[in-house]
Amino acid sequence: MSATAPDTLESDAAWQWLCRLRDHERPPEDDRLWLDAQGAWQARDAVGDATRELLDCLVPLATHRERLAVAQLGQSLDGRIATQSGHSHYINGLESRTHLHRLRALLDAVVVGAGTVVADDPLLTVRHVPGRQPVRVILDPRGRVPGHVRLLRDAAAPTLHLVGPDTMPATPTGRHVTRLTLPLAGDGFSPAAVLEALAERGLPRVLIEGGGVTVSRFLEAGVLDRLHLLVAPLLIGSGRPGLTLAPIATLDDARRPRARTFRCGDDTLFDLILRNA
Ligand SMILES: NC(=O)c1ccc[n+]([C@@H]2O[C@H](COP(=O)([O-])OP(=O)(O)OC[C@H]3O[C@@H](n4cnc5c(N)ncnc54)[C@H](OP(=O)(O)O)[C@@H]3O)[C@@H](O)[C@H]2O)c1
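Per chain, residues are indexed from 1 in the order of the written sequence. Local features in this predicted model are restricted to residues of pLDDT 70 or higher, and side-chain atom pairs are both shown and tallied only at a pLDDT of 80 or more, whereas totals for entire chains, interfaces and linings draw on every residue. As a rule here, side-chain values come from all non-hydrogen atoms in the structure, and water together with hydrogens is ignored.

## A closer look at the sheet that holds strand β12 (residues 226-232)
Between any two strands, at least two bridges found by DSSP are needed for them to pair. Numbering of helices and strands starts at the N terminus; helices are DSSP runs of H or I of at least 4 residues and strands are runs of E of at least 2. The nine strands are arranged β10-β9-β8-β7-β11-β5-β12-β15-β14 in an open sheet whose pairing can be described as mixed. A strand with exactly one partner marks an edge of an open sheet, and here the two such strands are β10 (177-181) and β14 (258-264). Shown here is a sheet whose adjacent strand axes are inclined to one another by a mean of 20 degrees, direction ignored. Bridge count between strand β7 (residues 109-113) and strand β8 (residues 135-140): five bridges; the pairing is parallel. Whenever a helix is involved, its axis is fitted only over the stretch in contact; in every case the axis is a line through C-alpha atoms, and angles between N-to-C directions fall within 0 to 180 degrees.

Pasting the structure below:
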């Protein structure tokens with residue numbers, strides 16, 4: 001009798017299943033992967049460590065049907081997301097960058113602050129994995145983002161340019177760009193109002209991708225469901241901080257969210273569960 005090696009579920013197959021899971025109200029039919037009555041994933045074949053971590057980490061996001069706000073920051077051990085001059089490519093390794101692209105593909109919209117657009121001129125598209133392109137959202141309350149940035153010129157995905165009242169944002173913009181004026185509340189838009197505006201446009205599941213100022217404002221406003229901190233074994237020593245929150249008097253006041261950890265190559269992903277998501 002010849003022994004046959006058991007099949008092993010590959011990460012690529014698991015990712016394709018996650019994408020289908022995200023797009024369907026009911027779990028897709030698949031004889032290799034399914035959700036049990038409790039919503040936990042089950043597999044017919046042996047599952048390697050990387051695939052298991054992928055499923056454990058992302059099934060809760062792929063199955064979430066309500067509004068969802070997930071933030072991410074890729075940071076050094078000492079909590080920096082860029083050098084003082086704004087250089088940030090790359091703090092994290094390829095596996096973390098692939099994780100970021102997976103988050104983009106699973107969520108409806110990806111939000112960045114004006115600082116990141118000016119510093120990095122990012123595309124915010126899904127390139128490291130196959131997947132849907134999210135709507136790209138710029139928070140630009142003073143209309144300071146110049147018209148030549150790629151988010152306003154490159155039509156690979158729609159761009160929503162959120163500006164404050166009485167601003168004179170740069171022109172021209174491509175037909176993929178929609179400009180929307182939001183009221184200012186204090187020194188910027190209310191994060192809750194940003195999420196509300198996106199939900200009204202059919203974008204209920206949102207990734208707040210950075211930078212530090214933007215993620216800190218959303219965290220401080222209490223509107224985040226999850227925060228994915230991708231920590232790289234790197235010491236930058238000075239530079240742009242990741243999170244900056246209001247001072248607290250004692251450690252009793254520190255936030256201690258429930259956390260799950262995952263390996264991402266040499267980096268560690270802290271999946272902080274801030275609300276019931
Ligand atoms: N490692 C990572 O994960 C990562 C991710 C993204 C970016 N980065 C790096 O981070 C640096 C930029 O980050 P940053 O913290 O300096 O800036 P940022 O968060 O990208 O942008 C901050 C600016 O965005 C606007 N903004 C943010 N939240 C807003 C709100 N609720 N309402 C209105 N406007 C809002 C404001 O623009 P105004 O100033 O015009 O008011 C604010 O000053 C860059 O060097 C980039 O390379 C790293």
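## Some remarks on the site of the ligand
In these notes, residues near a molecule or strand are those with any non-hydrogen atom within 4 Å of it. Near the ligand, the surroundings consist of 27 residues, among which Thr 116, Asp 120, Arg 144, Phe 189 and Thr 214 are the closest. N or O atoms closer than or at 3.5 Å make up a polar contact, with two conditions inside protein: a donor-capable atom paired with an acceptor-capable one, and, for residues adjacent in sequence, both atoms drawn from side chains. The separation between an oxygen atom of the ligand and a polar side-chain atom of Ser 88 is 2.9 Å. Residue Thr 116 places a side-chain N or O atom 2.5 Å away from an oxygen atom belonging to the ligand. Calculation on the ligand without its partners gives an accessible area of 910 Å², and the protein chains cover 90% of this total. Going through the elements one at a time, β5 (68-76), β6 (80-82), α4 (114-120), β11 (205-210) and α7 (212-220) are the ones with two or more residues in the shell around the ligand. At five residues, the largest contribution of residues to the shell around the ligand is made by α4. Three classes are used, and their members are as follows: Ala, Val, Leu, Ile, Met, Phe, Trp, Tyr, Cys and Pro are nonpolar, Asp, Glu, Lys and Arg are charged, and the others, Gly among them, are polar. Class assignment of the residues belonging to the shell around the ligand gives a composition of nine nonpolar, twelve polar and six charged. Only the protein chains shown count as cover for residues, with accessible areas throughout obtained via the Shrake-Rupley method and a probe of 1.4 Å.

## Some points on unusual backbone geometry
With an omega of 0 degrees, the peptide bond between His 89 and Tyr 90 qualifies as cis. By secondary structure assignment, the location of Tyr 90 is in the loop between β6 and α3 (94-106). A cis geometry characterises the amide bond from Gly 210 onward to Gly 211, with omega recorded as -5 degrees. Counting through the fold element by element, Gly 211 comes out in the loop between β11 and α7. Even without being glycine, Asp 121 reaches a positive phi, approximately 45 degrees. Relative to the elements of secondary structure, Asp 121 occurs in the loop between α4 and β8. The phi dihedral of Leu 124 is positive, around 60 degrees, even though this residue is not glycine. Residue placement: Leu 124 occurs in the loop between α4 and β8.

Everything listed here is a matter of coordinates, which is why it stays silent on function.
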